[in-house]
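# Descriptive structure summary
Residue-level listing of the chains:
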Amino acid sequence: MSSVNNSVAFLLVGLMLVGLAACSSPGRNYTDSALQETLEIEILPNTSKMFVYRLRVPDDKQLNAVRIERGGFQTGVESRNGIAVGGSTPKRLMENATHVVKEMGYCREGFLEIDSSVSQFNSWVKGECKEGSTEDDIKKFGTKKIIPVDLTK
């Protein structure tokens, strides 16, 4: 009986370590799921560079009715129908936005968060880059469009 208890204890400790590593590691989350990841950009005439980083479930994959789930927070892993929202979800979403705007070259000096929202089907961060736009930015990004995020290039 004690070998079963030891096996269960070992399994629980292993799962806790994996969970702690996942929570403490910066970078991108939700990238291996069916969520659409986009960067909506707008360069204003005063050179301000605005954006909305968005993770959303495609319309054809969303439930047709609103569902109310009871109980505590889930663990933060993606559910079949979107993101399982938990206490670390806003932080993970911000890490994604920071990584994407930097890697895509949109915000070279970081950004200020203006607003954000986290939900199971549509989570987003709205921000303004700390630096103003250049002619190269306008050539590369245009002045207003929605860009699918693809950092594999």
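Definitions and limits used
Note on numbering: residues in each chain are counted from 1, in written sequence order. Totals for whole chains, interfaces and linings use every residue, but because this is a predicted model, local features are given only for residues with pLDDT of at least 70 and side-chain atom pairs only at 80 or more, for both listing and counting. Excluded from the side-chain calculation are hydrogens and water; included are all heavy atoms of the structure. Working definition: helices are DSSP H or I runs of at least four residues, strands are E runs of at least two. Numbering for both runs from the N terminus. Here a residue-residue contact requires only that any non-hydrogen atoms of the pair lie within 4.5 Å. For the area figures, the Shrake-Rupley method with a 1.4 Å probe applies, and any residue is considered shielded solely by the protein chains shown. Should DSSP find at least two bridges between two strands, the strands are regarded as paired. Here a helix's expected span is defined as the number of its residues, less one, multiplied by 1.5 Å. Here, a disulfide means two cysteine sulfur atoms that sit within 2.5 Å of each other. Exposure classes here rest on a 1.4 Å probe applied to the protein chains alone. A residue is buried below 20% of its type maximum, exposed above 50%, and partly exposed in between. As used here, the term nonpolar core means buried Ala, Val, Leu, Ile, Met, Phe, Trp, Tyr and Cys residues forming a set that is joined through side-chain atoms within 4.5 Å. Centres within 6.5 Å are what make two rings of Phe, Tyr or Trp a pair, Trp counting through its six-membered ring; a difference in plane orientation under 30 degrees is then read as stacked, over 60 as edge-to-face, and the rest as tilted. Whether a charge lies above a ring is judged from NZ of Lys or CZ of Arg, which has to be within 6 Å of the ring centre and within 35 degrees of the ring normal.

## Some remarks on the overall build of the protein chain
Each helix and strand in the protein chain was counted, giving 3 helices and 7 strands. Helices and strands in the protein chain line up, N terminus first, as α-β-β-β-β-α-β-β-α-β. The long-range share in the protein chain, meaning contacts at least 24 apart out of those at least 6 apart in sequence, stands at 65%. In the structure as shown, the protein chain presents an accessible area of about 10000 Å², 57% of it carried by carbon and sulfur atoms.

## Topic: the pairing of strand β5 (residues 111-117)
Sheet topology places β5 next to strand β6 (residues 122-129); 6 bridges connect them, and they run antiparallel. From the neighbouring strand, Phe111 faces β6, where its bridge partner is Cys129.

## A short note on helix α2 (residues 89-103)
Taking 1.5 Å per residue as the helical rise, α2 with its 15 residues ought to reach 21 Å, and the 21 Å between its terminal C-alpha atoms agrees with that figure. Buried residues in α2 make contact with β1 (36-43), β2 (49-56), β4 (82-83), β5 and β6. Remark: Gly105 follows α2 within two positions and exhibits a positive phi of approximately 80 degrees.

## Quick look at the state of the cysteines
Disulfide: a covalent bond connecting the sulfur atoms of a pair of cysteines. Taken as a whole and judged by the stated rule, the model has 1 disulfide. The side chain of Cys107 participates in a disulfide bridge whose partner is Cys129; the two sulfur atoms lie 2.0 Å from each other. Disulfide Cys107-Cys129: the torsion about the S-S bond is -65 degrees, which places it as left-handed. Placement of Cys107 in the loop between α2 and β5 and of Cys129 in strand β6 is noted, with a sequence separation of 22 residues between them. Neither residue differs from the other here; Cys107 and Cys129 are each classed as buried.

## Quick word on the nonpolar core
A general trend in soluble globular proteins is that nonpolar side chains are found buried together. Of all hydrophobic cores here, the largest spans 22 residues; its most connected members are Leu39, Phe51, Tyr53, Tyr106, Cys107 and Phe111. Every element with two or more residues in this core is listed here: β1, β2, α2 and β6. With 4 residues, the top contributor of residues to this core is α2. In this structure, Phe51 is in contact with Leu39, Glu40, Ile41, Val101, Tyr106, Cys107, Phe111, Val125, Lys126, Gly127, Glu128 and Cys129, ignoring residues within four places of it in sequence.

## Remarks on unusual backbone geometry
One non-glycine residue, Thr47, lies in the positive phi region at around 75 degrees. What makes Thr47 partly exposed here is its relative accessible area of 35%.

## Regarding the environment of Ile41
Position of Ile41 relative to the elements: it lies in strand β1. For Ile41, a relative accessible area of 3% gives the class buried. Along the sequence, Ile41 and Lys145 sit 104 residues apart, while their C-alpha atoms lie 5.6 Å from each other. Those residues in contact with Ile41 that lie beyond four places of it in its chain are Met50, Phe51, Tyr106, Phe141, Gly142, Thr143, Lys144, Lys145 and Ile147.

## Some details on the packing of aromatic side chains
As enumerated under the stated definition, the model contains 3 aromatic pairs in all. On the numbers, 6.5 Å between centres and 85 degrees between planes, the contact of Phe51 with Tyr106 is edge-to-face. Of the two residues, Phe51 sits in strand β2 while Tyr106 sits in the loop between α2 and β5, which places them 55 residues apart along the sequence. Tyr106 sits in the buried class, given a relative accessible area of 0%. Clustering of aromatic rings is evident, with ring pairs tying together Phe51, Tyr106, Phe111 and Phe141. Over the ring of Tyr106 we find Lys49; its NZ or CZ atom is 5.2 Å from the centre of that ring.

Everything listed here is a matter of geometry and, on its own, says nothing about what the molecule does.
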